[in-house]
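A structural walkthrough
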2 protein chains.
Amino acid sequence: MKVILFLLYLIVSPVLFAADLLPSWNDTAPKKAIVAFVERVTKPGSADFVPAPERIATFDNDGTLWAEQPIYFQLAFTLDRVKALVPEHPEWKTMPPFSKLISTPKEEMVAVTEHELMEIIMVAHAGMTTEEFNRTVSDWIATAKHPKTGKLYTQMVYQPMLELLAYLRANGFKTFIVSGGGIEFMRPWTERVYGIPPEQVIGSSGKLKFELRGGKPVLMKLPEINFVDDKEGKPVGIQQHIGRRPIAAFGNSDGDLQMLQWTTAGSGPRLALIVHHTDAEREWAYDRQSQIGKLDKAWDEAIASGWTVVSMKDDWKTIYPSSR
Amino acid sequence: MKVILFLLYLIVSPVLFAADLLPSWNDTAPKKAIVAFVERVTKPGSADFVPAPERIATFDNDGTLWAEQPIYFQLAFTLDRVKALVPEHPEWKTMPPFSKLISTPKEEMVAVTEHELMEIIMVAHAGMTTEEFNRTVSDWIATAKHPKTGKLYTQMVYQPMLELLAYLRANGFKTFIVSGGGIEFMRPWTERVYGIPPEQVIGSSGKLKFELRGGKPVLMKLPEINFVDDKEGKPVGIQQHIGRRPIAAFGNSDGDLQMLQWTTAGSGPRLALIVHHTDAEREWAYDRQSQIGKLDKAWDEAIASGWTVVSMKDDWKTIYPSSR
């Protein structure tokens, strides 16, 4: 009887298909760490077993699920939007931070700080309804191309991470995005691209106001920051939206440090993983000195705490999906 | 072949079990409206079919899923907490709004406004970590009894609504709470009591701060309001947390009006339902004149717009679960 049960277990256990579910990962340490962790928490009856509802996994977006060079993709969107709106807003040409954005050559765009970007996004889209903004994002993401690769931005997601998301979900995990990027910039496409529905996307946001416009209710975007989901903000965003601590978290930069600390400080098995951009040929190579996706303190802590560090060059067979 | 497919459909369609899944509902108009709506949106191939990921249903909590008389249950919790903390905070005896809370006889407690309650909650629990607060709520909810019924507060949930939650989930709906109550007051017990996990609970909240305390990361509760999830706030909370419009919403008071407006303003079939407290014998009877759970404008709009109104007295066979 026990033999039959064991055979049955072999047949149904999704963990055993790991090799098939992560085909773009080399058989190096990171893949082994991921599979070992998933096996531990999903094995019924083991001391490390975690019930499915508590299998919360959080993913940073920029640099973790998709590329972020030479400028954050949301900055490219914002730049296109601001240029399209300048005829209606001639005052922007001399009004910082808009003037800075308009006058800065693209290759120096990294000099625009995240806070300035947030401010620009807020102001540029104030007075739009959430539905209008959704359409604007959807139109842009369907057509805009990356200056270097010529790909659609949604084609610059990482194939190994798509497989990881699917592998975790096949093992009962609920996958969330926890990004410094704008929540309303991500939600129109994350379900289609990552299989992550809008209610599992956490990000930075502006304030909203409910109004009746000619009897029809709308949500207006206000030119005011509501929440910045970066660094210390990430555990706060996780608590506000999810209300329980993840058991696995995935990032690539110092902006993810606090999320990884918060995740690993819980009891029981934990997985903290950092994507290290080491592949100048197939993608980009950057870390401690980079203005975008700086990986410095989080790298030190990863080494000190034994977190898993993925070298894109050594651990990933492919970077982008082959055909999307 | 068509006959076989039809028979197969009869076998697998969960809608046909509706009569069994809603046993505490009388066969009156509200139950018929609920079942008709669910049939419309789940029938594959029909023009009104809604894909499962978009079957979002939002529920108010106080007065909709559980009772709210003679005072909001969270106010009873807060009162108990303030009294327990007074020895450490003698200044509260003369400091409004604490002094008002301490000196007000329980039967006049409705005179404490929602805003004062929020302020009290914020201040009383500032300096606690989210985990400490979670334990405080869990301990209280496990032991505190309602002054009139002698029941645990979690035994004063509405049996017909528990059945409705389960019925919707059996038909592919994702069920959310959207309450003016505190998000951290509800999350410790909503999964056990309603089958609604913390990440599907939206409520009012205080600001949080991430800190390292002796190297260990914690989230501290700050004495500052972050978000008030009531009235105009409800559609905002829905957008921030869910990011798409519900197709069904359930409330009981004017605090739910905007959520019902927002829900019904979308295209395609929509269900808006109001629980009307008409049963002075088995529960309480109150509406237009009540200081708690006032149902006035939302009732007018329900009549004008043809929303479903449940009379607890006439439409529900039972109020509370018989044994929990």
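Described in the following lines is the structure provided in the data block. (Residues numbered from 1 in each chain as written. Chains lettered and ligands numbered in written order. Predicted model: local features only at pLDDT ≥ 70, side-chain atom pairs only at ≥ 80, totals over all residues. Heavy atoms only, no water.)

1. Overview of the overall build of chain A
Short version of the rule: Numbering of helices and strands runs from the N terminus, with a helix taken as a DSSP run of H or I at least four residues long and a strand as a DSSP run of E at least two residues long. The classification of residues rests on relative accessible area computed with a 1.4 Å probe and restricted to protein chains. Under 20% of the type maximum is buried, over 50% is exposed, and intermediate values are partly exposed. Residues are treated as being in contact if the distance between any of their heavy atoms lies within 4.5 Å.
Within chain A one finds 13 helices and eight strands. By principal-axis analysis of the C-alpha atoms, chain A measures approximately 75 × 50 × 35 Å. Taken over 324 residues, chain A has a buried fraction of 57%. Considering only contacts within chain A whose residues lie at least 6 apart along the sequence, 67% involve residues at least 24 apart.

2. Concerning the interface of chain A and chain B
Interface size, as often reported, equals the accessible area lost upon joining of the parts. Rule in force here: A simple way to read buried area is as the amount of 1.4 Å-probe accessible surface that goes missing from two parts once joined, with both sides added. Whenever Lys or Arg places a side-chain nitrogen within 4 Å of a carboxyl oxygen from Asp or Glu, that contact is recorded as a salt bridge.
Of the residues lining the interface, 36 residues belong to chain A; the matching set on chain B comes to 37 residues. For the pair chain A and chain B, the two sides together bury roughly 3,100 Å², of which 53% comes from carbon and sulfur. Considering only the side of chain A, the residues that lose the most area to chain B are E199, F210 and Q240 of chain A, jointly responsible for 21% of the buried surface there. Seen at the junction of chain A and chain B, the total is eight salt bridges.

3. Some points on the pairing of strand β1 (residues 56-59) of chain B
All names here are of chain B. What counts here: DSSP bridges decide pairing: two strands pair if at least two such bridges lie between them.
On β1, burial covers both faces: I56 and T58 on one face and A57 and F59 on the other are all buried. In this structure, β1 lies alongside strand β2 (residues 174-182), joined through four bridges in parallel fashion. Bridged to F59 within β2 is I177. Examined bridge by bridge, β1 and strand β5 (residues 248-251) share three bridges and lie parallel to one another.

4. Re helix α12 (residues 297-305) of chain B
Residue and element names in this part refer to chain B. Where we set the bar: Our arc is simply the arc of the directions from the helix axis toward the C-beta atoms.
For α12, the set of buried residues is A298, W299 and A302. For α12, the buried positions fall inside an angular range of 105° around the axis, keeping them on one side. Opposite its buried face, α12 presents the exposed residues K297, I303 and A304, each directed more than 90 degrees away. Packing partners of the buried residues in α12 comprise α11 (257-264), β6 (271-278) and β8 (308-311). Of the residues flanking the end of α12, it is G306, one or two places downstream, whose phi is positive at about 75°.

5. Structural notes on the side chain of S179 of chain A
All names here are of chain A. Residue position: S179 is located in strand β2 (residues 174-182). The exposure class assigned to S179 is buried, which follows from its relative accessible area of 1%. Each residue touching S179, except ones within four places of it in the same chain, is listed here: D60, N61, D62, M186, I202, G203, S204, D229 and K234.

6. Focus: the relation of the copies chain A and chain B
The test is simple: Superposition of the copies used a least-squares fit over C-alpha atoms from residues whose pLDDT is at least 70 in both.
The transform that puts chain A on chain B rotates by 180° and translates by 0.0 Å along the axis, for an RMSD of 0.0 Å. Classification of the inter-copy transformation places it as that of a two-fold axis. Across chain A, the rotation axis passes nearest the C-alpha of H241 of chain A, at a separation of 3.2 Å. Interface overlap between copies: 100% of the residues of chain A at the interface are likewise at the interface in chain B, consistent with a symmetric, same-surface contact.

7. Overview of the pattern of salt bridges
Under the criterion given, the structure shown has 27 salt bridges over all chains. Residues D48 of chain A and R40 of chain A are paired through a salt bridge, measuring 2.8 Å at the closest nitrogen-oxygen approach. D296 of chain B is paired through a salt bridge with R288 of chain B; the nearest N and O atoms lie 2.8 Å apart. Residue class for R288 of chain B comes out partly exposed when judged on its relative accessible area of 26%. Taken together, the shared-partner salt bridges in this structure form one network comprising K174 and R244 of chain A together with E191 and E199 of chain B.

8. Observations concerning the packing of aromatic side chains
Heads up, the rule is: Only Phe, Tyr and Trp rings take part, Trp by its six-membered ring, and two of them pair if their centres are within 6.5 Å. Stacked means planes under 30 degrees apart, edge-to-face means over 60, and tilted covers everything else. The rule for a charge over a ring is simple: NZ of Lys or CZ of Arg within 6 Å of the ring centre, and within 35 degrees of the ring normal.
Enumeration over the complete set of coordinates arrives at 32 aromatic pairs over all chains. Summarising the aromatic geometry, the rings of Y158 of chain A and W316 of chain A are spaced 5.4 Å apart at their centres and angled 50° between planes, so their arrangement reads as tilted. Of this pair, Y158 of chain A sits in the loop between α7 (130-143) and α8 (159-170) while W316 of chain A is found in the segment after α13 (312-315), placing the two residues 158 residues apart along the sequence. Plain terms: the ring middles of F73 of chain B and Y153 of chain B are 4.5 Å apart, the flat faces sit at 55° to each other, and that makes the pair tilted. Of the two residues, F73 of chain B sits in helix α4 (residues 73-85) while Y153 of chain B sits in the loop between α7 (130-143) and α8 (159-170), which places them 80 residues apart along the sequence. An aromatic cluster is defined as three or more aromatic residues linked by ring pairs; in this entry it consists of W66, F73, F77, F133, W140, Y153, F185, W189 and Y194 of chain A. Over the aromatic face of F133 of chain B sits the side chain of K221 of chain B, whose NZ or CZ is 4.2 Å from the ring centroid. Sitting over the face of the ring of W262 of chain B, R245 of chain B holds its NZ or CZ atom 3.8 Å from the ring centroid.

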